[in-house]
Amino acid sequence: MDMKLLSKTAAAMVAEGKGLLAADESNATCEKRFKSIGVECTEPNRRAYRDLLFTTKGIEEYVSGVILFDETLRQSTVAGNEPFPSYLEKKGIVPGIKVDKGTHDLALCPGEKITEGLDGLRGRLAEYFKLGARFAKWRAVITIGPGTPTHACLYANAHALARYAALCQEASIVPIVEPEVLLDGDHTIERCCEASEATLTALFAALRAHHVSLEHVVLKASMAVSGKDCPKQAGVDRVAEETVRCLKRTVPAALPGIVFLSGGQSDEAATAHLNEMARMPGLPWPLTFSFSRALQNPALKTWRGAPGNVAAAQRAFYHRARMNGLASQGKYRSDLEKQAA
Ligand code: 13P
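Residues numbered from 1 in each chain as written. Predicted model: local features only at pLDDT ≥ 70, side-chain atom pairs only at ≥ 80, totals over all residues. Heavy atoms only, no water.

A. Just the sheet that holds strand β8 (residues 218–221), in detail. One closed barrel accounts for eight strands, arranged β1-β2-β3-β6-β7-β8-β9-β10; its pairing is parallel. The sheet shows a mean angle of 25° between the axes of neighbouring strands, taken without regard to direction. Pairing analysis gives three bridges linking strand β9 (residues 258–260) to strand β10 (residues 287–291), with the strands arranged parallel. Among the inter-strand pairings, V259 is bridged to a residue of β10, identified as T288. Packed onto the sheet, helix α8 (residues 189–209) meets β6 (135–142), β7 (174–181) and β8 and runs at close to 150° relative to β7. Seen against the sheet, helix α10 (residues 267–278) touches β9 and β10 and runs at an angle of roughly 160° to β10. (Pairing = 2+ DSSP bridges. Helix = DSSP H or I, 4+ residues; strand = E, 2+ residues; numbered from the N terminus. Axes fitted to C-alpha atoms, helices over the stretch in contact; angles between N-to-C directions. Contact = heavy atoms within 4.5 Å.)

So this is what it looks like as structure tokens:
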């Protein structure tokens, strides 16, 4: 366990004005995204699309790290045939890896999920380190519904996240712990706050119980928002206020930083929410983004699998990265959106 390396990696991940690109969609998720633009989800197409994102000029001004999928960690750039991890590293971007094996039904807890992937993880982490990964991600899913989340679901997922985080640190890889409270449903923002607070309380108790070094773990949090189908949608100010209140109640100040997922929010809403939080004075941790959809949507729609669209798609991606980089410093304004290419 190389503490110096862990500190260096964690600091780089949350460097001022930068955030993470989540490009770790599993092949099944990638298939969904590609289907929406009529592109076949083949290995060469996945490589071409990730290549488009990573080779976007200047992206390192706003992107500190990229979360990769196992397949992508082993692929190379289209033009120079350089392995993606070393290409990113040379660009000053830290390569990371999603290591969980997805969610499965949690036995005896209808409607709830548990994330699998602990078996053999020590061996996989050793290989990922050799391939250049310096941080990892594990996503748990918490569902709000009648009678959920249950205690069983919160504690089973917190336990898995803690065991994963301990294995990562042992391998000198910074763990991102991601307990995503889903925005699906018609619940109020108050219920989302309750569920988020219970989730984070369970998570940090488990991290402590498993001797995880809090200075070397990054939280990937969902924002406190109204359920997607809730008739009363909380505004930007309220989302920012409730999210930060919930984090302050549950997350130790020792953490190097907190990054957010976008979770199905619109691109501009995710950016505006982050900006409003980052503007708050006296926050104990840097806050930034770790978006997949809210960073990639415009690029994906512009690309549509056509090589002739690559340059325009890269401009669209650069723009979203810049907007979110500004938002992480509280310097975003919606009128800057007009500068989109
Ligand atoms: P979204 O930003 O699309 O929610 O994805 C982030 C992520 O990595 C989910 O695990």
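Okay, back to it.
B. Looking closely at the pattern of salt bridges. Per the stated rule, a full pass over the model turns up 20 salt bridges. With a shortest N-O distance of 2.6 Å, E82 and K90 are connected by a salt bridge. Classification of K90 by relative accessible area gives exposed; the value is 66%. In this structure, R333 and D335 form a salt bridge, with 3.1 Å as the shortest nitrogen-oxygen distance. Taking the relative accessible area as the measure of exposure, R333 reaches 46% and is therefore partly exposed. Because the salt bridges share partners, they merge into one network encompassing E190, R238, E241, E242 and R245. (Salt bridge = Lys/Arg side-chain N within 4 Å of Asp/Glu carboxyl O. Buried < 20%, exposed > 50% of the residue type's maximum accessible area, 1.4 Å probe, protein only.)

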